[in-house]
Amino acid sequence: MAGPAKKRQKREDNRQEGQMPQKKFYRQRAHANPFSDHDLTYPSCPAAMDWSQHFPAFTVAKAVSSTDALDNDHEHENIQQISQQVAVADIGCGFGGLLFALAPKMPKTLILGLEIRTSVTEFVQEKAKALRNQNGDSGLYQNVSCIRANTMKFLPNFFTKGQLEKIFLCFPDPHFKARKHKARIVSTTLASEYAYVMKPGGNVYTITDVEDLHLWMAEHFEAHPSFERVSDEELERDECVQTMRTETEEGKKVERNNGTKYVVVFRRLEDPPWP
Amino acid sequence: MQHPYQCIAAIESTAQGQASSHLLAACGHRLVLVDVNDSKIITEWFSAISTTNTAEAPENDDGERPKKKQKTVPPVKPANIIKLTVSPDQAHAVAVTDDKYVRVFTIGNGKLEEISQRCMPKRPCAVQVLPDNATIICGDKFGDVYSLPLLPTASEDVPMVADTALESATLEADEPAFKPSATNLTVHTKRNRKALEAQMQQKAFSAKKEPLKFDHKLLLGHVSMLTGVAYASRNVDGRDRGYIITADRDEHIRISRGPPQSHVIEGYCLGHKEFVSKLCLIPGTDLSVSGGGENELYVWDWPAFTLKRKIHLTDEVVNTGESNAEASRQADDGTMSQADSSKKDVAVSGMWIVPCPAAHGGTETALVVAIERLPMLLAIPVNQLGLPRGQDVNITTIDLGHAPLDLACIGDSVVVSLDAREEGQSRFQAIKLQEVQEQGMIGNVRDGEMEKRLACLNSYPTADASLDGKTLDDLLYNVGNLRKRRGWGDSAKEGDDGPDGDAGVDDVAED
Ligand SMILES: C[S@@+](CC[C@H](N)C(=O)[O-])C[C@H]1O[C@@H](n2cnc3c(N)ncnc32)[C@H](O)[C@@H]1O
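What you see is a predicted model, and the numbers here were worked out from it, not measured in a lab. (Residues numbered from 1 in each chain as written. Chains lettered and ligands numbered in written order. Predicted model: local features only at pLDDT ≥ 70, side-chain atom pairs only at ≥ 80, totals over all residues. Heavy atoms only, no water.)

1. Brief notes about the overall build of chain A
Move 1: The helix and strand tally for chain A stands at nine helices and seven strands.
Move 2: Put simply, of all contacts in chain A between residues at least 6 apart along the chain, 80% involve residues at least 24 apart.
Move 3: Total accessible area on chain A is roughly 11100 Å²; 47% of this is exposed by carbon and sulfur atoms. (Helix = DSSP H or I, 4+ residues; strand = E, 2+ residues; numbered from the N terminus. Contact = heavy atoms within 4.5 Å. Areas by Shrake-Rupley, 256 points an atom, 1.4 Å probe, with all protein chains shown as cover.)

In structure tokens:
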């Protein structure tokens, strides 16, 4: 029990708000069970989410009427609105290497990491604050943040239909054993949820060093009628692919160990006409 | 103690020009078919004691096996019936037993005959026969929805050439013979290395699941326990569109297209703050009503994914129910039930649409709601459901004396099975509803005629010396258990997902 409390204490002793956080104070056991209830907080629907907390620089003066069709309860009228929606999601972002590499490359796009582990999420949030502080002049890193979420259950609580242009699934936990395959972040049934939150034409990027998982992800997206595989030639022209290979924490480790990195990208297709 | 009837279903047909009414009633592991016109039991069926070890292996909520290997073999008991439904053409009944079997019966010629039994990978939580009278859809405890042909095809293990089902008959067959999933070269973190070691050591790795040997398709899935599955159709531009609406323990109501495009999610009806346990489509409208762990019902315009309004189950209603419930429990066994601790926790355990003729003679219907363990039903005229927000909806309380377990309509009569456990108590009540002049009020009268016809079910001997209250409670009341124990989260434990090699190892990064 003393563990996390002590860690938090140390964290606080060691830095002030807005200073760069140190990873060693934010380590956490590697796996969280995606099936258990946890003590998660999540909005009951996307309209109930206060994004201004995460992207304060994008806050707009309140003028939004409550006729928003997605605002089911009319309970969310007082939520601060932001000027645009999150368009890029890094699912299982870990310590956020990819997020902080992408943010300055697309400063006009809101990028969000989603991570199930509490302290790891806090680390990314603190790092975003610190980088915003350090880059006050350029205004960089205002467009990146992170939330704690179990994406296997709650993606539609955060994002509306067709909202996301890119989803990254970088070095997901492999869950080697067959009995644990249901815990994998990719399955055909989950692919339907990824498809739901994605804009047709948008891409899901996957990378792993575990061949078995690579084949699994490729097979499951390929089997899903809402996705088509993006050709290798096109991959090589995509800057995101390069960034994902080199900037993720896991990508760097694999690099050092001379491991292989398997990349597959899938494009979200338009929904078919009703039969 | 006598065993209450946990599930009932009406069968009303006009075969050979002759109108007939039957009631199918499940009592523990027994299924009884009653000819309502003749007032007699015509067939009984018993689930056999499973000889195979298909009885639900104890799984905890997380979808994992228990942490410690449970050595105790549970006493072999015949499987209880937990779900019961009838095909739209009234020709077949489908029952789910708690050994995970989906069982199909023919109910032609006033006989009940089991014609197939199929064991699903996880315990089914909801079943329905589609309007084609040929397909069963079945949602399970692990969040998956499958379709099965109502009548199994002649050759059982033809691999399906799926249309666009997400997976076809080869489900789980895609687990090849054991081969380590990574080599030492690819395994770069301490955590992965540990996992691989554990995997190598696991000699019994090949203890993999049997692929399902019958024709089936995986249509869609949630990573959550499903609590409701409903098929809906709507006419758009002169064509019928099918939908599958699914509700889960994590407050979601999802609307997917019907087969063969069930991989397309059209939208969600979101807003619930607690689990959703029941979904009810209002025929002839675009409305649906959902209820669960809150003291409010949600009325949706489901094709638009918007909330029309909520209906507050007034504290008055709920409290009255509670005091009644306590009174009846005390009367029953002289002791207070364990439900006392969850006083304020409403759990909607049933919703049905029943006939409720209007005072002026029109054919109206009412929504009838059961709240787990409360000895009453709540009734709301369907035409009140669409009232704008702010305008109060009249809720009528129908006292029953015992908690309602299931409901079926035979003509205008509403037959309710009751948790009446004492020998000799009436396990059924039949009532007729009528909308009274005053807007939204519902009157009800006992239907003594119908109760007489069902007397054979009441006297059907189901006394069982070994039956105890706890066992019955476990069978009859599991909606309240869907509630999450919030605030118990402990970040120190979050990483812990079991004794397996790939968990619990600190994420020692090497940078
Ligand atoms: C191996 S790490 C990869 C981190 C990062 N993407 C990278 O490439 O460096 C996988 C991450 O996914 C997170 N994760 C696993 N299941 C998740 C879920 N259901 N929802 C959100 N995050 C999850 C884990 O906590 C872990 O941080």
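2. As for the overall build of chain B
Move 1: Along the backbone of chain B there are five helices and 28 strands.
Move 2: Within chain B, the fraction of its 511 residues that count as buried is 55%.
Move 3: Considering only intrachain contacts with a sequence separation of at least 6, the fraction spanning at least 24 residues in chain B is 53%.
Move 4: Carbon together with sulfur atoms contributes 50% to the accessible area of chain B, which is approximately 22000 Å² in total. (Buried < 20%, exposed > 50% of the residue type's maximum accessible area, 1.4 Å probe, protein only.)

3. A look at helix H3 (residues 118–134) of chain A
Move 1: Across its 17 residues, H3(A) extends 24 Å between first and last C-alpha, which sits within 8% of the 24 Å expected from 1.5 Å per residue.
Move 2: By the burial criterion, the buried members of H3(A) are A:Thr118, A:Ser119, A:Val120, A:Thr121, A:Phe123, A:Val124, A:Glu126, A:Ala128, A:Ala130, A:Leu131 and A:Arg132. (Expected span 1.5 Å × (residues − 1).)

4. A look at the site of the ligand
Residue and element names in this part refer to chain A.
Move 1: Around the ligand sit 19 residues in total, of which Gly-92, Glu-115, Arg-117, Asn-150 and Cys-170 are the nearest.
Move 2: In this structure, a nitrogen atom belonging to the ligand sits 2.9 Å away from a main-chain N or O atom of Cys-170.
Move 3: The fraction of the free accessible surface of the ligand (600 Å²) that becomes covered by protein chains is 94%.
Move 4: Of all the elements in the fold, those that place two or more residues in the shell around the ligand are strand S2 (110–115), helix H4 (151–158) and helix H9 (249–256).
Move 5: Residues that form the shell around the ligand fall into these classes: eight nonpolar, five polar and six charged. (Near = heavy atom within 4 Å. Polar contact = N/O pair within 3.5 Å; in protein donor to acceptor, adjacent residues only side chain to side chain. Nonpolar A, V, L, I, M, F, W, Y, C, P; charged D, E, K, R; others polar.)

5. Observations regarding the packing of aromatic side chains
Residues and elements named next belong to chain A.
Move 1: On inspection of all chains with the given rule, the structure shows 17 aromatic pairs over all chains.
Move 2: With 4.7 Å between their ring centres and 15° between their planes, Phe-168 and Tyr-205 make a pair best called stacked. Residue Phe-168 is found in strand S4 (residues 164–170), and its partner Tyr-205 is found in strand S5 (residues 198–208); the two are separated by 37 residues along the sequence.
Move 3: The buried category is assigned to Phe-168, whose relative accessible area is 0%.
Move 4: Accessibility expressed as a relative area gives 0% for Tyr-205, which makes it buried. (Phe/Tyr/Trp six-rings, centres within 6.5 Å; stacked < 30°, edge-to-face > 60°.)

6. Side note on the sheet that holds S5(A)
Either a parallel or an antiparallel arrangement is found when strands of a sheet pair, and the pairing is made through backbone hydrogen bonds.
Residues and elements named next belong to chain A.
Move 1: Here we have seven strands laid out as an open sheet, ordered S3-S2-S1-S4-S5-S7-S6, and mixed in their pairing. The open sheet is flanked by strand S3 (144–148) and strand S6 (227–229), the only strands paired with a single partner. Taken over all neighbouring pairs, the strand axes of this sheet differ in orientation by 20° on average, direction set aside.
Move 2: Running at roughly 15° to strand S7 (residues 262–268), helix H6 (residues 211–222) makes contact with S4, S5, S6 and S7 of the sheet. (Pairing = 2+ DSSP bridges. Axes fitted to C-alpha atoms, helices over the stretch in contact; angles between N-to-C directions.)

7. Brief notes about the pattern of salt bridges
Move 1: Summed over all chains, the structure comprises 31 salt bridges over all chains.
Move 2: A salt bridge links A:Lys153 to B:Asp250; the nearest nitrogen and oxygen atoms lie 2.6 Å apart. Here the residue A:Lys153 occupies a position in helix H4, and B:Asp250 occupies one in the loop between strand S14 (239–248) and strand S15 (253–257), the pair thus bridging two chains. Judged on exposure class, the residue A:Lys153 and its partner B:Asp250 are both buried. (Salt bridge = Lys/Arg side-chain N within 4 Å of Asp/Glu carboxyl O.)

8. Brief notes about the confidence of the model for chain B
When pLDDT is low, close inspection of the predicted coordinates is not appropriate.
Residue and element names in this part refer to chain B.
Move 1: Residues of chain B with pLDDT of at least 70 account for 72%, and the chain-wide mean is 80.
Move 2: Counting contacts from residues 157–163, a segment whose pLDDT is below 50, to residues more than four positions away or on other chains yields 12 contacts.
Move 3: Across residues 327–342, where pLDDT falls below 50, the model places 18 contacts with residues more than four positions away in sequence or in other chains.
Move 4: Here the complex is predicted with pTM 0.86, and the ipTM for its interfaces comes to 0.92. (pLDDT = per-residue confidence, 0-100.)

9. Some details on helix H2 (residues 97–105) of chain A
Move 1: Of all the nine residues making up H2(A), seven are buried; the element is thus mostly covered by neighbouring parts of the structure.
Move 2: Residues of H2(A) that are buried: A:Gly97, A:Leu98, A:Leu99, A:Phe100, A:Ala101, A:Leu102 and A:Ala103.

10. Focus: the environment of A:Leu169
Residue and element names in this part refer to chain A.
Move 1: Here Leu-169 shows up in strand S4.
Move 2: For Leu-169, a relative accessible area of 1% translates into the label buried.
Move 3: The residues touching Leu-169, leaving out its near neighbours within four places in the chain, are Ile-91, Ile-185, Val-186, Tyr-194, Val-204, Tyr-205, Thr-206, Ile-207 and Phe-221.

11. Some words on the sheet that holds strand S3 (residues 30–35) of chain B
All names here are of chain B.
Move 1: The antiparallel open sheet is built from four strands, whose spatial order is S1-S2-S3-S4. The open sheet has two edge strands with one neighbour each: strand S1 (7–13) and strand S4 (40–46). Strand-to-strand, the axes of this sheet are offset by a mean angle of 20°, without reference to chain direction.

12. Structural notes on the confidence of the model for chain A
Move 1: When the pLDDT values of chain A are averaged, the result is 90; 89% of them are 70 or greater.
Move 2: Every residue in residues 66–71 of chain A is under pLDDT 50, and counting partners more than four places away or in other chains gives nine contacts.

13. A few points about the environment of A:Ala101
Residues and elements named next belong to chain A.
Move 1: By the element assignment, Ala-101 lies in helix H2.
Move 2: On the basis of relative accessible area, Ala-101 is assigned to the buried category, the value being 13%.
Move 3: Measuring from C-alpha to C-alpha, the distance between Ala-101 and Cys-240 comes to 9.8 Å, with 139 residues separating the pair along the chain.
Move 4: Filtering out sequence-adjacent residues up to four positions away, Ala-101 remains in contact with Thr-243 and Glu-247.

14. A closer look at the side chain of B:Arg30
Move 1: Structurally, B:Arg30 is set in strand S3.
Move 2: Ignoring any residue separated from it by four or fewer positions in sequence, one finds B:Arg30 in contact with B:His3, B:Ala25, B:Trp45, B:Phe46, B:Ile81, B:Tyr460 and B:Thr462.

15. Regarding the nonpolar core
All names here are of chain A.
Move 1: The biggest cluster of nonpolar side chains holds 50 residues, and the ones touching the most others in it are Trp-51, Phe-159, Ile-167, Leu-169, Tyr-194, Phe-221 and Phe-227.
Move 2: At six residues, the largest contribution of residues to this core is made by helix H5 (residues 188–197).
Move 3: Leu-102, Ala-103, Val-124 and Cys-240 belong to the second-largest nonpolar core, a separate cluster that totals 33 residues. (Core = buried A, V, L, I, M, F, W, Y, C linked by side-chain atoms within 4.5 Å.)

16. Structural notes on unusual backbone geometry
Glycine aside, residues mostly have negative phi angles, and peptide bonds mostly take the trans form.
Move 1: The residue after B:Pro259, namely B:Pro260, is reached through a cis peptide bond having omega 5°.
Move 2: If you trace the backbone, B:Pro260 turns up in the loop between S15 and strand S16 (265–268).
Move 3: Notably, A:Asn258 is not glycine yet its phi reads approximately 55°, a positive angle.
Move 4: For A:Asn258, the position within the fold is in the loop between H9 and S7.
Move 5: Residue B:Arg373 is not a glycine yet carries a positive backbone phi of 75°.

17. Focus on the packing of H2(A) against helix H8 (residues 239–247) of chain A
All names here are of chain A.
Move 1: Running from amino to carboxyl end, H2 crosses H8 at an angle of 145°, the nearest separation of the two axes being 9 Å. Here H2 and H8 pass one another in a crossing that is right-handed. Seen from H2, the contacting residues are Gly-97, Leu-98, Ala-101, Leu-102 and Lys-105; seen from H8, they are Glu-239, Cys-240, Thr-243, Met-244 and Glu-247.
Move 2: By residue class, the composition of the contact of H2 with H8 is five nonpolar, two polar and three charged. (Left-handed = near helix turned anticlockwise from the far one by under 90°.)

18. Examining the pairing of S3(B)
Residue and element names in this part refer to chain B.
Move 1: Most of S3 is tucked away, with six of its six residues classed as buried.
Move 2: Sheet topology places strand S2 (residues 20–27) next to S3; six bridges connect them, and they run antiparallel. Among the inter-strand pairings, Cys-27 is bridged to a residue of S3, identified as Arg-30.
Move 3: The loop that links S2 with its antiparallel partner S3 comprises two residues; one of these, Gly-28, has a positive phi angle of about 65°.
Move 4: Here S3 pairs with S4 via six bridges, running antiparallel. Paired with Val-34 across the strands is Ile-41, a residue of S4.
Move 5: From the end of S3 to the start of S4, which pair antiparallel, there are four residues, and Ser-39 there has a positive phi angle of about 55°.

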